[in-house]
Amino acid sequence: MIAPGLADLIQAAQAGDKEACGQLVENNAGLIWSVVRRYTHRGVDSEDLYQLGCLGFLKAVQGFDTSYGTQFSTYAVPKIAGEIRRFLRDDGMVKVGRGMKEQALVIYRARNQLTEQLGREPVLSELAEATGLTPEDIAAADLAAASVASLQAESGETGLQLEGILGSESPEEGMVERVALRTAIEHLPERERKLIFLRYYKGLTQDKTAKILGISQVQVSRLEKKSIQFLRWELT
């Protein structure tokens, strides 16, 4: 539930009160900087990124429904990040990485579908036919995906929670990471979402997860690895 004082400030800002807008930005500077730090080292000055983050934050203020019951920070983080990403994309800073990411997602989905249809991992030529990509493109995308290490998820059978694996230097950064992770999980197919929930939030073994989902333990292992790879892409 949103705090009454915060709700009053947001409503005042939505009504055009510039002082309320300034107070909200000042009060949430730590949150904005926590998102900004995820996009540093991209060739853009951090102060410029902060200004973009403030713009996204103010858009979140204008679009937030104080009667809905959602935490404002949960609503604001994707708005702040989206404004920064939009600038980086449009300014040409991440065009290559974005294209590679899109290819990786196409390959991820095709590999999932073919594995279910064939009952085994598809070979490179089958993936190429299904995606319309060349074998070289697929190999490059897979290599890029394998090198991403923003989300450490070597759970084995320990039942570690994904949120507990995410590192942070401050409470604000921890919250940003958790919101980003939950948003990424929502983009997974329904079965993969259930798998991640059972494995990492309920702490079940692969064997128990397989019985609940009605699939084999081998399939659980494969789907888990692919889901983690997908989440790594979403969090970078």
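Calculation rules
Residues numbered from 1 in each chain as written. Predicted model: local features only at pLDDT ≥ 70, side-chain atom pairs only at ≥ 80, totals over all residues. Heavy atoms only, no water. pLDDT = per-residue confidence, 0-100. Contact = heavy atoms within 4.5 Å. Core = buried A, V, L, I, M, F, W, Y, C linked by side-chain atoms within 4.5 Å. Buried < 20%, exposed > 50% of the residue type's maximum accessible area, 1.4 Å probe, protein only. Helix = DSSP H or I, 4+ residues; strand = E, 2+ residues; numbered from the N terminus. Axes fitted to C-alpha atoms, helices over the stretch in contact; angles between N-to-C directions. Parallel < 35°, antiparallel > 145°, perpendicular 65-115°, else oblique. Left-handed = near helix turned anticlockwise from the far one by under 90°. Nonpolar A, V, L, I, M, F, W, Y, C, P; charged D, E, K, R; others polar. Salt bridge = Lys/Arg side-chain N within 4 Å of Asp/Glu carboxyl O. Lys, Arg positive; Asp, Glu negative; His and termini not counted.

Participant: Quick question: what am I supposed to make of the confidence of the model for the chain here?
Facilitator: With 72% of its residues at a pLDDT of at least 70, the chain reaches an overall mean of 76. Long-range and interchain partners of residues 145–161, a stretch whose pLDDT sits below 50, account for 33 contacts in this model, where long-range means more than four residues apart.

Participant: For this particular structure, what's the right way to read the nonpolar core?
Facilitator: Most often, soluble globular proteins keep nonpolar side chains buried together rather than apart. Grouped together as the largest cluster of nonpolar side chains are 28 residues, with contacts concentrated most on Ile32, Leu49, Phe57, Phe72 and Ile84. Counting only elements with at least two residues in this core, the list comes to α1 (4–14), α2 (18–27), α3 (29–36), α4 (46–63) and α5 (72–90). Those residues in contact with Ile84, other than ones at most four positions away along the chain, are Val35, Val36, Tyr39, Leu49, Leu52 and Gly53. Counting residues in each nonpolar core, the second largest holds 16 residues, with Tyr108, Ala184, Ile228 and Phe230 among its members.

Participant: Got a minute to help me understand the packing of α2 against α4 in this structure?
Facilitator: Each pair of packed helices gets described by two things: the angle between the helix axes and the distance between those axes. Closest axis-to-axis distance for the α2/α4 pair is 11 Å, and the angle between their directions is 120°. With respect to α4, the element α2 is oriented oblique. Of the two possible hands of crossing, α2 and α4 adopt the one that is right-handed. Residues Cys21, Leu24 and Val25 of α2 form the contact with α4, whose own contacting residues are Tyr50, Cys54, Phe57, Leu58 and Val61. Looking at the contact of α2 with α4 residue by residue, the class counts come to 8 nonpolar, no polar and no charged.

Participant: Can you walk me through the environment of Tyr39 in this structure?
Facilitator: Position of Tyr39 relative to the elements: it lies in the loop between α3 and α4. Put simply, Tyr39 and Arg85 are 46 residues apart on the chain and 8.3 Å apart in space, counted from C-alpha to C-alpha.

Participant: Where do I start with the packing of helix α11 (residues 190–201) against helix α12 (residues 206–213) in this structure?
Facilitator: Between α11 and α12, the shortest axis-to-axis distance is 10 Å and the interhelical angle comes to 140°. With respect to each other, α11 and α12 are oriented oblique. By crossing handedness, the relation of α11 to α12 is classed as right-handed. For the pair formed by α11 and α12, the contact residues are Arg191, Lys194, Leu195, Leu198 and Arg199 on the first element and Gln206, Thr209, Ile212 and Leu213 on the second. Looking at side-chain class alone, the contact of α11 with α12 contains 4 nonpolar, 2 polar and 3 charged residues.

Participant: What exactly am I supposed to notice about the pattern of salt bridges here?
Facilitator: Pairs can form between side chains of opposite charge whenever their charged atoms are close. Per the stated rule, a full pass over the model turns up 5 salt bridges. A salt bridge links Arg191 to Glu116; the shortest N-O distance between them is 2.1 Å. Here Arg191 is found in helix α11, whereas its partner Glu116 is found in helix α6 (residues 95–118), with 75 residues between them in sequence. Arg191 gets classed as partly exposed once you look at its relative accessible area, which sits at 26%. Residue Lys211 pairs with Asp207 through a salt bridge whose shortest N-O separation is 3.6 Å. Of this pair, Lys211 and Asp207 both sit in helix α12, 4 residues apart, which is roughly one turn of the helix. Using a relative accessible area of 64% as the deciding quantity, one classes Lys211 as exposed. Look at Asp207 and you get partly exposed, because its relative accessible area is 36%.

Participant: Sorry if this is basic, but what is going on with the side chain of Glu192 here?
Facilitator: Inspection of the secondary structure assignment puts Glu192 in helix α11. Of the buried charged residues, Glu192 lacks a salt bridge, with Arg191 as the closest side chain of opposite charge at 4.4 Å. With sequence-adjacent residues up to four places away left out, Glu192 is seen in contact with Tyr108, Asn112, Leu223 and Ser227.

Participant: What exactly am I supposed to notice about the environment of Val220 here?
Facilitator: Following the sequence through the fold, Val220 ends up in helix α13 (residues 217–234). A relative accessible area of 0% means that Val220 is categorised as buried. Sequence-wise, Val220 and Leu195 are 25 residues apart; in three dimensions their C-alpha atoms are separated by 7.5 Å. In this view, Val220 contacts Leu195, Gln206, Thr209, Ala210 and Ile215; residues no more than four positions away in its chain are not counted.

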